[in-house]
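Close look at the chain arrangement
Chain by chain, the residues run as shown.
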Amino acid sequence: MIIHELAPTPSARRVSIFLAEMGIEVPRVQIDLRGGDNLKPEFRAKSVNGRIPMLELDDGTCLCETMAICRFFDASSPRTSSLFGETPLEQGQVEMWNRILELEGIMVAFQAFRNLTGVFRDRERCVEAWGVESRERLEELLPRLEARLEGRKFVAIDRFSVADITGYVLLDFCRQRLELETEGRYPNLSRWYQTIHARPAIAALG
């Protein structure tokens, strides 16, 4: 099997961190998004949505979407615990917070970045006003995360989960690409970020 990705992108990083936490290594091939590799017919024939990351299995079956890939490895690998939660309640809590962080965080951050920078203006309509609005929506999400992390070590349940991976990658993207800083403004969020950042699997990825 092989993963088609662009390693620095948030979606690829989420899969990489997930696999690192599980101790799984999968060969990778890098896709040039700016050059339009993902738009080529041979890639689109494999990827339902034309996006990365995409997992290609040995029999030619392909999976795209970050969480679908993570679910595949979670279900097919021997494990003592799951990053998606163990009990029905834990699984519900992890799913809930991961979806919140995806729909109100990651997706909104993508909209802010793409519309403010116009990085893909050659293939999509960019609306600066929507980029500004999206960035403001992210600003509104941060206090909610700060409140959630009051007295908590992790976002969803009492141990590390896939929701923490999504949140960590979101915060990195906000800091590096959207100049949304949390240090000094949100002590709980900053403490949580440092805890996740120091995890051996994440530190090893650089």
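Residues numbered from 1 in each chain as written. Predicted model: local features only at pLDDT ≥ 70, side-chain atom pairs only at ≥ 80, totals over all residues. Heavy atoms only, no water.

Named according to an unreviewed UniProt entry, the protein chain is Glutathione S-transferase originating from Aeromonas diversa CDC 2478-85.

1. What to know about the environment of A20
Within the secondary structure layout, A20 lies in helix 1 (residues 10-22). Taking relative accessible area as the criterion, A20 reaches 26% and is therefore assigned partly exposed. For A20, the residues in contact, after removing those within four places along its chain, are A201 and L205. (Helix = DSSP H or I, 4+ residues; strand = E, 2+ residues; numbered from the N terminus. Buried < 20%, exposed > 50% of the residue type's maximum accessible area, 1.4 Å probe, protein only. Contact = heavy atoms within 4.5 Å.)

2. Here we look at the state of the cysteines
Counting across every chain of the model gives 0 disulfides. A disulfide-free cysteine, C70 has its sulfur positioned 13 Å from the sulfur of C64, the nearest such atom. Overall, the relative accessible area of 1% leaves C70 in the buried class. (Disulfide = S-S within 2.5 Å.)

3. Let's talk about helix 1
Under the 1.5 Å per step criterion, the end-to-end length of helix 1 is 18 Å for 13 residues, consistent within 8% with the ideal 18 Å. Three or more residues of helix 1 are buried, namely P10, S11, A12, R13, R14, V15, S16, I17, F18 and L19. Residues of helix 1 that are buried sit in contact with strand 1 (2-5), strand 2 (28-30), helix 3 (66-76), helix 4 (88-117), helix 6 (162-177) and helix 8 (200-205). Of the residues flanking the end of helix 1, it is G23, one or two places downstream, whose phi is positive at about 75 degrees. (Expected span 1.5 Å × (residues − 1).)

4. Here we look at the UniProt feature "domain: GST C-terminal" (unreviewed entry) in the protein chain
When the UniProt feature table is mapped onto this chain numbering, "domain: GST C-terminal" (unreviewed entry) sits at residues 87-206. Helix makes up 70% of residues 87-206 and strand 0%, and the two end C-alpha atoms of the span are 32 Å apart. (UniProt positions renumbered as here; feature names shortened; annotations may be inferred.)

5. Some points on the domain arrangement of the protein chain
The figure often quoted for interface size is the accessible area lost as the parts come together. Domain boundaries assigned for the protein chain yield domain 1 (2-76) and domain 2 (88-199). Here the C-alpha centre of domain 2 lies 21 Å away from the C-alpha centre of domain 1. Taken together, the contact between domain 1 and domain 2 spans 14 residues of the former and 17 residues of the latter. Both sides of the domain 1 and domain 2 interface together cover about 1,400 Å² of buried area, and 59% of this is carbon and sulfur. (Domains from an automatic or database assignment. Buried area = accessible area lost by both parts, 1.4 Å probe.)

6. Focus: the nonpolar core
Grouped together as the largest cluster of nonpolar side chains are 52 residues, with contacts concentrated most on F18 and W192. Looking at this core, the elements with two or more residues in it are helix 1, helix 3, helix 4, helix 5 (128-148), helix 6 and helix 7 (187-197). In terms of residues, this core owes the most to one element, helix 4, which gives 10 residues. Leave out the neighbours within four places in its chain, and W192 touches L149, K153, F154, V155, D164, G167, Y168 and L171. (Core = buried A, V, L, I, M, F, W, Y, C linked by side-chain atoms within 4.5 Å.)

7. Focus: unusual backbone geometry
Only a minority of non-glycine residues have a phi that is not negative, and only a minority of peptide bonds are not trans. Cis geometry marks the peptide bond from I52 to P53; its omega dihedral reads 0 degrees. Checked against the element boundaries, P53 lands in the loop between helix 2 (41-44) and strand 3 (54-56). Phi is positive for E65, which is not a glycine, with a value near 80 degrees. With respect to the secondary-structure elements, E65 resides in the loop between strand 4 (62-64) and helix 3.

8. A short note on the layout of surface pockets
Roughly 1,400 Å³ of volume is contained in the largest pocket. Contributing to the lining of the largest pocket are 45 residues, with S11, L33, I52, F110 and R114 lying nearest its centre. At the level of elements, helix 1, helix 3, helix 4 and helix 6 are the ones that each hand at least two residues to the lining of the largest pocket. Two domains each put at least three residues into the lining of the largest pocket: domain 1 (2-76) and domain 2 (88-199). (1 Å grid on protein atoms, 1.4 Å probe; cavity = no way out; pocket = protein on both sides within 12 Å on 5 of 7 lines; lining within 4 Å. Points joined across faces, edges and corners; volume = space filled by probe spheres on them.)

9. Some points on the sheet that holds strand 3
Strands in a sheet are paired, the pairing made by backbone hydrogen bonds, and the direction either parallel or antiparallel. Reading across from one edge, 2-1-3-4 is the order of the 4 strands in this open sheet, with mixed pairing throughout. In this open sheet, the two strands that pair with only one neighbour each are strand 2 and strand 4. For this sheet, the mean angle separating the axes of adjacent strands, direction not counted, is 20 degrees. Bridging between strand 3 and strand 4 involves 3 bridges; their strand directions are antiparallel. Its bridge partner being in strand 4, E56 is matched across the sheet by C62. In the packing of helix 3 onto the sheet, the strands contacted are strand 3 and strand 4, and the crossing angle to strand 4 comes to about 125 degrees. (Pairing = 2+ DSSP bridges. Axes fitted to C-alpha atoms, helices over the stretch in contact; angles between N-to-C directions.)

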